[in-house]
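Structure at a glance
So the chains spell out like this:
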Amino acid sequence: MATYKDIQRETGLSLATISKYFNGRTVLESNRAAIEAAAAALDFRPNAMARGLRSRRSGTVGVVLPALNNDFHLTIIAGVEAALRSVGVSVIVAASPSGEEDTVGLLLSQMVDGIIAVPSGHDIEPLRAAMRRVPVVLIDWAADELHTDGVFLDNAGAGATAARLLLDHGHRRIAIVAGPPSVSTMRLRASGFTERLAEAGVAISPEHEARGPLIVRTGHDSITGFLALRDRPTAIFCANYELTLGALIAINESGLRLGRDISLVGFDGAELAQATVPRLTVIAQPTQDIATRAADLLRRRLDTSGPALPRSPVVQFLPAQLVPGGSVERLND
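These numbers were taken from a predicted model, which means no experiment stands behind them. (Residues numbered from 1 in each chain as written. Predicted model: local features only at pLDDT ≥ 70, side-chain atom pairs only at ≥ 80, totals over all residues. Heavy atoms only, no water.)

Some details on the domain arrangement of the protein
Basically, it comes down to this: For each domain, the first and last residues come from an automatic or database assignment.
When the domains of the protein are assigned, the result is domain 1 (4–46), domain 2 (60–152 + 287–318) and domain 3 (155–285). Taking only C-alpha atoms, the centre of domain 1 and the centre of domain 2 are 30 Å apart.

Thoughts on the packing of helix α8 (residues 155–168) against helix α9 (residues 184–199)
What counts here: For helices, the fitted line uses only the C-alpha atoms of the stretch in contact; every axis is such a line through C-alpha atoms, and the angle between N-to-C directions lies from 0 to 180 degrees. What counts as a helix is a DSSP run of H or I of at least four residues, what counts as a strand is a run of E of at least two, and both are numbered from the N terminus. A crossing counts as left-handed when the near helix is turned anticlockwise from the far one by less than a right angle, and as right-handed when that turn is clockwise. A contact between two residues is defined here by any heavy atoms of the two lying within 4.5 Å.
The interhelical angle for the contact between α8 and α9, taken along N-to-C directions, is 35°, at an axis separation of 7 Å. You can see that α8 and α9 cross each other, and the crossing is right-handed. Only T185, L188, R189, G192, F193, R196 and L197 of α9 make contact with α8, whose side of the interface consists of N155, A156, G159, A160, A162, A163, R164, L166 and L167.

Here's the deal with the packing of helix α1 (residues 4–11) against helix α3 (residues 29–42)
Convention followed: Comment on the angle field: the value is read as roughly parallel under 35 degrees, roughly antiparallel over 145, roughly perpendicular from 65 to 115, and oblique elsewhere. By the convention adopted, Pro, Cys, Tyr, Trp, Phe, Met, Ile, Leu, Val and Ala count as nonpolar, Lys, Arg, Asp and Glu as charged, and the other residues, Gly among them, as polar.
It is the contact of α1 with α3, at a shortest axis distance of 9 Å, that shows an interaxial angle of 120°. Comparing the axis directions of α1 and α3 gives the class oblique. In this structure, α1 crosses over α3, and the sense of that crossing is right-handed. Mapping the contact onto sequence places D6, I7, E10 and T11 in α1 and A34, I35, A38, A39 and L42 in α3. In the contact of α1 with α3, the residues fall into six nonpolar, one polar and two charged.

Describing the layout of surface pockets
Which entries qualify depends on this criterion: Put simply, the grid is 1 Å and covers the protein atoms alone, a cavity is a trapped set of points that fit a 1.4 Å probe, a pocket is an open set with protein on both sides within 12 Å along at least five of seven lines, and lining residues have an atom within 4 Å of a point. Grid points are joined across faces, edges and corners, and a volume is the space filled by probe spheres set on the points.
Quantified by volume, the largest pocket comes out at close to 700 Å³. No other element matches α9, which puts four residues into the lining of the largest pocket. Counted by class, the lining of the largest pocket contains 12 nonpolar, 11 polar and five charged residues. Formed jointly, the lining of the largest pocket draws a minimum of three residues from each of two domains, domain 2 (60–152 + 287–318) and domain 3 (155–285).

A look at the packing of aromatic side chains
Selection criterion: Aromatic contacts are taken between Phe, Tyr and Trp rings whose centres are within 6.5 Å, Trp giving its six-membered ring; a plane angle under 30 degrees counts as stacked, one over 60 as edge-to-face, and the others as tilted. Think of it in three bands: with a 1.4 Å probe and only protein chains considered, a residue is buried below 20% of the maximum accessible area for its type, exposed above 50%, and partly exposed in between.
One pass over the structure, following the stated rule, counts two aromatic pairs. Here F152 and F317 contribute two aromatic rings whose centre-to-centre distance is 5.5 Å and whose plane-to-plane angle is 40°, an arrangement assigned as tilted. Here F152 is found in strand β5 (residues 149–153), whereas its partner F317 is found in strand β11 (residues 315–318), with 165 residues between them in sequence. What makes F152 buried here is its relative accessible area of 4%. Assessed through its relative accessible area of 52%, F317 is described here as exposed.

A short note on a nonpolar patch on the surface
Quick reminder of the rule: By definition, no residue in a patch forms a salt bridge, and every one has over 30% relative accessible area; like charges are joined within 9 Å, nonpolar side chains (Val, Leu, Ile, Met, Phe, Trp, Tyr) within 5 Å. Residue burial considers only the protein chains on display, and all accessible areas are found by Shrake-Rupley using a 1.4 Å probe. Throughout this description, the term salt bridge denotes a Lys or Arg side-chain nitrogen within 4 Å of a carboxyl oxygen of Asp or Glu.
On the surface, a cluster of nonpolar side chains totalling about 230 Å² of accessible area is made up of L68, L74 and V93. For V93, the position within the fold is in strand β2 (residues 90–95).

Topic: the sheet that holds strand β7 (residues 209–211)
Basically, it comes down to this: A pair of strands is labelled paired if DSSP reports no fewer than 2 bridges between them.
Within the open sheet, the six strands sit side by side as β7-β6-β8-β9-β10-β12. Their pairing is mixed. Two strands in the sheet have a free side with no partner beyond their single neighbour: β7 and β12 (321–323). For this sheet, the mean angle separating the axes of adjacent strands, direction not counted, is 15°. Sheet topology note: the strand β6 (residues 174–178)/β7 ladder contains three bridges and is parallel. Across the sheet, V177 pairs through a bridge with A210, a residue of β7.

Observations concerning the pairing of β2
Rule in force here: Convention used here: a crossover is right-handed provided that the path from the first strand, over the helix, to the second strand proceeds clockwise when the strands point away from the viewer.
The pairing of strand β1 (residues 60–65) with β2 spans six bridges and is parallel. If you follow V64 over to β2, its bridge partner there is A94. In the classification by handedness, the crossover that spans β1, the intervening helix α5 (residues 71–85) and the parallel β2 is right-handed.

Looking at the sheet that holds β2
A sheet is described by the order of its strands in space; here six strands give the open sequence β2-β1-β3-β4-β5-β11, paired in parallel fashion. Looking at the sheet topology across the chains shown, the edges are occupied by β2 and β11. Each strand of the sheet is rotated relative to its neighbour by a mean of 15°, with strand direction disregarded. The strands touched by α5 within the sheet are β1, β2, β3 (115–117) and β4 (136–139), with β1 carrying the most contacts at an inclination of about 170°.

Structural notes on α1
Filter applied, for reference: What the arc describes is the spread of directions from the helix axis to the C-beta atoms.
Of the residues making up α1, those classed as buried are Y4, D6 and I7. Angularly, the buried residues of α1 cover 160° about the axis, an arc narrow enough to put them on a single face. Relative to its buried face, α1 has exposed residues pointing more than 90 degrees away, namely K5 and R9. Immediately downstream of α1, the backbone of G12 shows phi near 80°, a positive value.

Written out as structure tokens, the structure is:
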């Protein structure tokens, strides 16, 4: 079986440089190419267990998610895994749907080197305890109780973008479907939306505001209720993907024409938007970029050989993107 010394004979590089590369640290581009070419020619496979014993690292990172059944969470997994695989780090994924199981403790028992978390309320205390042992990077919820690194969407700005679009198209009788205020992303998207409307002198009536669990049924039932009103809204904003999907189902069932009889701005679901006629206008969050940046922050916390991050938490907020379609009608002034 090939060893570092075999690669040294092939490349002429020092054992220190070769070891540095296989431990995920930065080397010159020419050295990287030479090492990878020699490793391929020699069919070299690094011994991850031995490397971990030497470095006291497992070469694994834990990812904590509330659930594994929606597009946002699956994209986070894929983005983190792709970013860390390139530096030889594996990912262990664990769902934390409730506080009944100590998901964070389970990951720590697997000797993970760090944790990337989309936290729920019941994860806060376990994550706070974990921060004393490993680096933690948050996604989606900037929990005040956790003074640590994080990468987040500018959720208030996303809501404001949707409101601005509807106002610019002449809409004043506007509705919103959002999740419960206890979910910070929903609270911020809804507040950004309603505050931007208020700045233009537009208020959402109580009958035009619906909140509920972040499931397709909530979107469906909320839209069905709006459309049955005598004074139904001319435009609706749905604050997440599942709510958007439910809204589209309800509109299709109603027989109303999307973008003609009723206007709709959805959230995420670029592929879904391509399947609607006309194409759905959506507010899209850069999920892949969020995942990649979170993985990079964790990698830099673990890699003491590279440029040091500040000791204080590094927090990044990324803007949402408006992806225009034909689902918002321009009303006559």
